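Structure at a glance
One-letter residues, chain by chain:
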Amino acid sequence: MSSVENTGPPVRPGDQDTDGMDEARRAALLRLAKYTAPAMLALLLSENAAHATTFA
Amino acid sequence: MRGVHVSASVRRLPIEGGLLLFDASGNNLFAFNETAGHAWDLLAAGRCDEELVNEFAAWWGIPAARAGSDLSAILAQWGRLGLVTGPDFASAPALVRPGSTQVSVAQSCRSQSISAWTCTIRGISIAFAIEGQFGQTIRSLFQQLENPDAVPETRLEVRPVAGDEMVLLTDGTERIRTADSGQLVGAVYQTVLERIHPGINWLAIIHGAAVAHRGAGLALPGPSGSGKSTLAAALLAAGYDYLADDMIALAAPDGAILPWPLPLSIKPGSITAVAAQYPELAEAPSYRTKGVDARLLIPPMTAWDAAPTSLRFLIFPRFSAGASAELRRISAFEAVKQLLADRIWFGYPITEARVTAFLNRLNDSAAYALTYGELGQAVRLVEQVAR
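Residues numbered from 1 in each chain as written. Chains lettered and ligands numbered in written order. Predicted model: local features only at pLDDT ≥ 70, side-chain atom pairs only at ≥ 80, totals over all residues.

**Focus on the overall build of chain A**
- Within chain A, the secondary structure is distributed over one helix and one strand.
- Looking at chain A residue by residue over its 56 residues, the buried ones come to 20%. (Helix = DSSP H or I, 4+ residues; strand = E, 2+ residues; numbered from the N terminus. Buried ≥ 20, exposed ≤ 12 C-beta atoms within 10 Å, placed from the backbone.)

Right under this line is the structure:
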């Protein structure tokens, strides 16, 4: 497994020096701020019965 | 995560802001967050192993070790759900509940009282025979439609069967067997809807209330206790037209809301909030629901004959005592997530075409989250977007 640091400039959440920051770096920082571990939010299991409904 | 591939039966549906997967083999829908969506796209594009980890880590700007750990967790979950295949994943367990086709009425349960009555709705007469407390509850909602002299065209029966299960029979044919009273209520409603709108093709059925203003439909989806019926009552008092409570039925192809104007059920904690607009509530018939005695606001009979109304707005209400009212625009994906987390029905089997048509309808509508603690403020905020 190679290191991320070898694929481009390091991006740290604590970077405050945004003056003159190029668009790519700004976008990378925004992505990092948005990162959350991949997760399931909701699911709808089909009913195994014709015309079954699922509301109260 | 060696040799992992997306399953052939799984499709990513077109919606931004998150990942919505449709599994045609199990007829299931899954909503995942945006980072899961990126991982899925990489996987679908053929990335695997270190390549997958490195590309994911580089895009989000996170250490490769963190990416590897997070990807392993979501891939394991997708493997368990049958959304991906690979040598590390056993075949997915069945998620759907096995159906039952045999009617065996438990004689020991037959001693309960039976509520039997006939209603005429939109010119169609339906006989109901429902056992136990459940029957009295349903009957109170249809009370204003009772017509004892009518000759029924359809007979709808609910009986207890073995264990806690109940069975719904339509003209003697089993339609659903379940221990979930919510499912049973839904199945009864849907049976009635299909009889009074023969030949209807459903797009989706949502748990919620609905009102209309100048031909624009406002859906108020939400779980029990969210304040949707109380908000609907306040909007009606402000001049909106009543469309539905408890169930919002959207017809294909364009998602028009069909009228389902059951009495609005106002719970004890909300009666004061609408007492000024509805002084008759103090003497209104009561209705036992969720362990409390609610009061029923009965709409005029003509509400059943209203024309289907195009869905324009989805407003997800959430009553929070003492909170300042706030209306916040949400994405179509956020709306889908909330609908999946509560109650929505896409028919059986769920088809990609039906869900996609619903998403298109959703993309053409505007969705909002409404938090409110005071009803007047909530009405004013809704009016800002709906008028």
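**Observations concerning the overall build of chain B**
- Helix and strand content of chain B: 10 helices and 23 strands.
- In terms of overall size, chain B behaves like a compact globule, its C-alpha atoms giving a radius of gyration of 23 Å where 387 residues would be expected to give roughly 21 Å.
- Projected onto its principal axes, the C-alpha coordinates of chain B cover approximately 75 × 55 × 35 Å.
- Buried residues in chain B amount to 43% of all 387 residues.
- The contacts in chain B between residues at least 6 apart in sequence include a share of 66% that link residues at least 24 apart. (Rg over C-alpha atoms; globule rule 2.2 N^0.38 Å. Contact = placed C-beta atoms within 7 Å.)

**Concerning helix α6 (residues 228-237) of chain B**
- Buried residues dominate α6(B), accounting for nine of its 10 residues.
- A positive backbone phi angle near 110° is found at Gly239(B), which sits one or two residues after α6(B).

**Details of the sheet that holds strand β18 (residues 286-289) of chain B**
All names here are of chain B.
- Taken in spatial order, the three strands make up an open sheet running β17-β19-β18, and their pairing is antiparallel. Of all the strands in the sheet, just β17 (264-266) and β18 have a single pairing partner and so form its edges. Between one strand and the next, the sheet's axes are offset by a mean angle of 45°, whatever the strand orientation.
- Looking at chain direction, β17 and strand β19 (residues 292-297) are connected through three bridges and run antiparallel. When the sheet's bridge partners are listed, Leu264 is paired in β19 with Leu297. (Pairing = 2+ DSSP bridges. Axes fitted to C-alpha atoms, helices over the stretch in contact; angles between N-to-C directions.)

**Regarding the sheet that holds strand β4 (residues 28-32) of chain B**
- The strand order across the open sheet formed by four strands is β1(A)-β4(B)-β3(B)-β2(B), and the pairing between neighbours is antiparallel. Two strands close off the open sheet at either side, each with one partner strand: β1 (40-44) of chain A together with β2 (10-12) of chain B. Averaged over all adjacent pairs, the angle separating strand axes in this sheet is 20°, with direction ignored.
- Pairing of β1(A) with β4(B), which is carried by four bridges, proceeds in the antiparallel orientation. Residue Leu43(A) lies in a different strand from β4(B), and its bridge partner there is Phe30(B).
- Sitting on the sheet, helix α1 (residues 34-44) of chain B touches β2, β3 (19-23) and β4 of chain B, and the angle it makes with β3(B) is about 55°.
- Lying on the sheet, helix α8 (residues 332-341) of chain B is in contact with β1 of chain A together with β3 and β4 of chain B; it crosses β1(A) at an angle near 55°.

**Remarks on the nonpolar core**
- Counting residues in hydrophobic clusters, the biggest one holds 112 residues, and the most contacted among them are Val188(B), Ala204(B), Ala210(B), Val211(B) and Ile248(B).
- With near-sequence residues (within four places) excluded, Ala204(B) lies in contact with Leu250(B), Ile344(B), Trp345(B), Phe346(B) and Phe358(B). (Core = buried A, V, L, I, M, F, W, Y, C linked by C-beta atoms within 7 Å.)

**Section: the environment of Ala282(B)**
- Mapped onto the elements, Ala282(B) comes out in the loop between α7 (268-274) and β18.
- Sequence-wise, Ala282(B) and Val355(B) are 73 residues apart; in three dimensions their C-alpha atoms are separated by 43 Å.

**Focus on the pairing of strand β10 (residues 173-178) of chain B**
- Relative to β10(B), strand β9 (residues 166-170) of chain B is paired through five bridges, and the arrangement is antiparallel. Each residue of the ladder has a partner; that of Leu169(B), found in β10(B), is Glu174(B).

**As for the environment of Ser7(B)**
All names here are of chain B.
- Looking at where Ser7 falls in the secondary structure, it is placed in the loop between β1 (5-6) and β2.
- Residues Ser7 and Glu50, 43 residues apart in the sequence, show an inter-C-alpha distance of 20 Å.
- Once you skip the residues sitting within four places of it in the chain, Ser7 turns out to touch Gly82, Leu83, Val84 and Thr85.

**With respect to the packing of α6(B) against helix α10 (residues 375-386) of chain B**
All names here are of chain B.
- Packing of α6 against α10 brings their axes to within 10 Å, and their N-to-C directions diverge by 70°. If you check the angle between α6 and α10, you find them roughly perpendicular. Taken as a pair, α6 and α10 cross one another with a handedness that is right-handed. For the pair α6 and α10, the contacting residues are Thr230, Leu231, Ala234 and Leu235 in the first and Leu375, Ala378, Val379 and Val382 in the second.
- A per-class count over the contact of α6 with α10 returns seven nonpolar, one polar and no charged. (Parallel < 35°, antiparallel > 145°, perpendicular 65-115°, else oblique. Left-handed = near helix turned anticlockwise from the far one by under 90°. Nonpolar A, V, L, I, M, F, W, Y, C, P; charged D, E, K, R; others polar.)

**Examining the domain arrangement of chain B**
All names here are of chain B.
- Under the domain assignment, chain B is made up of domain 1 (5-85), domain 2 (107-196) and domain 3 (202-386).
- Of note, the centres of domain 1 and domain 3, computed from C-alpha atoms alone, are 34 Å apart.
- Each side of the interface is counted separately: domain 1 has 13 residues, and domain 3 has 14 residues.
- Grouping the constituent residues of the side of domain 1 that touches domain 3 by class yields eight nonpolar, three polar and two charged. (Domains from an automatic or database assignment.)

**A look at helix α9 (residues 352-363) of chain B**
All names here are of chain B.
- Taking 1.5 Å per residue as the helical rise, α9 with its 12 residues ought to reach 16 Å, and the 16 Å between its terminal C-alpha atoms agrees with that figure.
- Every buried residue belonging to α9 is among Val355, Phe358, Arg361 and Leu362, and all of these are buried. Angularly, the buried residues of α9 cover 115° about the axis, an arc narrow enough to put them on a single face. Set apart from the buried face of α9 by more than 90 degrees, the exposed residues are Glu352 and Ala353.
- Next to the buried residues of α9 lie β3, β4, β11 (202-206), β20 (309-319) and α8. (Expected span 1.5 Å × (residues − 1). Arc of directions from axis to C-beta.)

**Things to note about the confidence of the model for chain A**
Residue and element names in this part refer to chain A.
- Across chain A, the average pLDDT comes to 65, with 45% of residues at or above 70.
- A low-confidence stretch, residues 1-11 (pLDDT under 50), is modelled with 21 contacts involving residues beyond four sequence positions or located in other chains.
- Every residue in residues 48-56 scores below 50 in pLDDT, and together they form 41 contacts with partners more than four places removed in sequence or on other chains. (pLDDT = per-residue confidence, 0-100.)

**A closer look at the packing of α1(B) against helix α2 (residues 49-60) of chain B**
Residues and elements named next belong to chain B.
- Their axes nearest at 10 Å, the elements α1 and α2 cross at an angle of 140°. Accordingly, the angle class assigned to the pair α1 and α2 is oblique. Where α1 crosses over α2, the two elements pack in a sense that is right-handed. Two secondary-structure elements touch here, α1 through Thr35, His38, Ala39, Leu42 and Leu43 and α2 through Leu52, Glu55, Phe56, Trp59 and Trp60.
- Within the contact of α1 with α2, the residues separate by chemical class into seven nonpolar, two polar and one charged.

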